[in-house]
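Below, each chain spelled out in residue letters.
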Amino acid sequence: MSGFVFYDGPSLIDGAPIIGIAVLESANVKTGNMVQTYILRADMAPLEAIASGDDASICGDCAHRGDKVTARKRTCYVDVAKSVQSVFSAWIRGSYPQVAPSDGARIIAGRVVRIGSYGDPAAIPARHWKTLIARAGGHTGYSHQWRQWFARGLRTIVMASADSASDRDLARAMGWRTFRVRTAAEPLAAREIMCPASDEAGFKRQCITCKACDGAARGPAQATVAIVVHGAMARHFAAA
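Owing to the predicted nature of the structure, the values given are computational and were not obtained by experimental measurement.

Participant: So what exactly am I meant to see when it comes to the overall build of the protein here?
Facilitator: Along the backbone of the protein there are 8 helices and 9 strands. A globule of 240 residues ought to have a C-alpha radius of gyration of about 18 Å, and the protein, at 17 Å, matches this closely. If one aligns the C-alpha atoms of the protein with their principal axes, the spans along those axes are about 45 × 40 × 35 Å. Counting the 240 residues in the protein, one finds 51% classified as buried. Restricting the contact set of the protein to residue pairs at least 6 apart, pairs at least 24 apart contribute 64%.

Listed below in structure tokens is the structure:
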């Protein structure tokens, strides 16, 4: 088994049909060989969803989505044409059987899980994630939907994705720990650490061993994390 579907149902964001897929092996250099999870539209390919704007079902109001109406450039760092499209194609071919989250938990017991390698975890009910990672050896995750009521159940297991200092401060006040994307010119704040898996930190650790981005289970006062924007779309983020 190379992976499995642990959720097949409506998106909490807009009710559209989505799937949650766990892929068991990964060659991602930054994260290490974590179990990678993908939230996808079930009725269209990822690139088609981006082109039509229907990726809102799995990304919500994330500021890194492109917007043709406002001419906002897409700044998401995920290369959808490669890994994400391949995961969708494998699902179409029947490569990933559907299992209950509790059965998925047994399959990945002891592994470190990346919650939301693509797509926002808040599109899937928090109870499915919590069941899936119940036996895991650790987890990391991020959500841009931290302002929304349906994301509240994720506070103890994922980070609020912050795109500014004001985002970070508001999310902290709401009980979240944060992972802030910043430009190279922006300084770190108090109780904010440099991502150890980042270029600016010298890639000291991979996510699989760091696991600092595991939510606010120990309280929002714990140090938060920041990273300098990276990837092919970094120039658009800096301009914005």
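There is more to say after this.
Participant: What am I meant to see in helix H3 (residues 80-92) here?
Facilitator: Residues separated by three or four positions in an α-helix point in the same direction, a consequence of the helix having 3.6 residues per turn. Helix geometry: H3 is bent most strongly at Ser86, by close to 25°. All buried positions along H3 are accounted for by Val80, Val84, Gln85, Val87, Phe88 and Ala90. Looking at the buried residues of H3, the elements they touch are strand E2 (17-23), strand E3 (35-41), helix H1 (46-52) and strand E4 (112-118). Once H3 ends, the next one or two residues include Gly94, with phi positive near 90°.

Participant: Where do I start with the nonpolar core in this structure?
Facilitator: Nonpolar side chains in soluble globular proteins tend to be buried together. Among the nonpolar cores identified, the biggest contains 47 residues, and Leu40, Tyr118 and Trp129 are the most heavily contacted of them. What Leu40 contacts, discounting residues up to four positions off in sequence, is Pro17, Ile18, Ile19, Ile21, Pro46, Ile58, Val84, Val87, Phe88 and Tyr118. Phe179, Val181, Ala197 and Ala212 belong to the second-largest nonpolar core, a separate cluster that totals 13 residues.

Participant: What should I look at first to understand the packing of aromatic side chains in this one?
Facilitator: To describe a pair of aromatic rings, you give the distance between the ring centres and the angle between the ring planes. If you walk through the whole model with that rule in mind, you get 4 aromatic pairs. Aromatic side chains Trp149 and Phe150 sit 5.6 Å apart centroid to centroid with 85° between the ring planes, which places their arrangement in the edge-to-face category. Taking relative accessible area as the criterion, Phe150 reaches 12% and is therefore assigned buried.

Participant: Whenever I open this one, the pairing of strand E6 (residues 159-162) confuses me. Can you help?
Facilitator: Successive side chains on a regular strand alternate, one facing one side of the sheet and the next facing the other. Across 2 bridges, the pairing between strand E5 (residues 138-143) and E6 is parallel. By the bridge assignment, Tyr142 is partnered in E6 with Met159. Looking at chain direction, E6 and strand E7 (residues 178-182) are connected through 3 bridges and run parallel. Bridge pairing in E7 places Ala160 opposite Thr178. For the handedness criterion, the β-α-β arrangement of E6, helix H6 (residues 165-173) and E7 is classed as right-handed.

Participant: Would you take a moment to explain the sheet that holds E2 for this structure?
Facilitator: Sheet strands line up and pair through hydrogen bonds in the backbone, either parallel or antiparallel. Taken in spatial order, the 9 strands of this open sheet run E1-E2-E3-E4-E5-E6-E7-E9-E8, and their pairing is mixed. The outermost strands of the open sheet, each flanked by one partner alone, are strand E1 (3-10) and strand E8 (192-194). Each strand axis lies, on average, 25° off the axis of its neighbour in the sheet, ignoring direction. Of the strands in this sheet, E1, E2, E3 and E4 touch H3, which is tilted by about 80° from E3. Its contacts with the sheet put H6 on E6, E7, E8 and strand E9 (224-228), and the angle it makes with E7 is roughly 175°.

Participant: Explain the pattern of salt bridges to me, please; I cannot follow it from the model alone.
Facilitator: A pair can form between side chains of opposite charge whenever their charged atoms are brought close. Under the defined criterion, the tally for this structure stands at 11 salt bridges. The closest approach of N and O atoms between Arg41 and Asp43, which form a salt bridge, is 2.9 Å. According to the relative accessible area criterion, Arg41 is buried, its value standing at 10%. The exposure class assigned to Asp43 is partly exposed, which follows from its relative accessible area of 43%. Across the pair Asp167 and Arg147 runs a salt bridge, and its minimum N-O distance is 2.6 Å. Of this pair, Asp167 sits in helix H6 while Arg147 sits in the loop between E5 and E6; the two residues are 20 residues apart in sequence, bridging distant segments of the chain.

What counts and what doesn't
- Residues numbered from 1 in each chain as written.
- Predicted model: local features only at pLDDT ≥ 70, side-chain atom pairs only at ≥ 80, totals over all residues.
- Heavy atoms only, no water.
- Helix = DSSP H or I, 4+ residues; strand = E, 2+ residues; numbered from the N terminus.
- Rg over C-alpha atoms; globule rule 2.2 N^0.38 Å.
- Buried < 20%, exposed > 50% of the residue type's maximum accessible area, 1.4 Å probe, protein only.
- Contact = heavy atoms within 4.5 Å.
- Bend = angle between axes of the 7 residues up to and from the residue.
- Core = buried A, V, L, I, M, F, W, Y, C linked by side-chain atoms within 4.5 Å.
- Phe/Tyr/Trp six-rings, centres within 6.5 Å; stacked < 30°, edge-to-face > 60°.
- Pairing = 2+ DSSP bridges.
- Right-handed = clockwise from strand over helix to strand, strands pointing away.
- Axes fitted to C-alpha atoms, helices over the stretch in contact; angles between N-to-C directions.
- Salt bridge = Lys/Arg side-chain N within 4 Å of Asp/Glu carboxyl O.

Nothing here speaks to function; it is all geometry.
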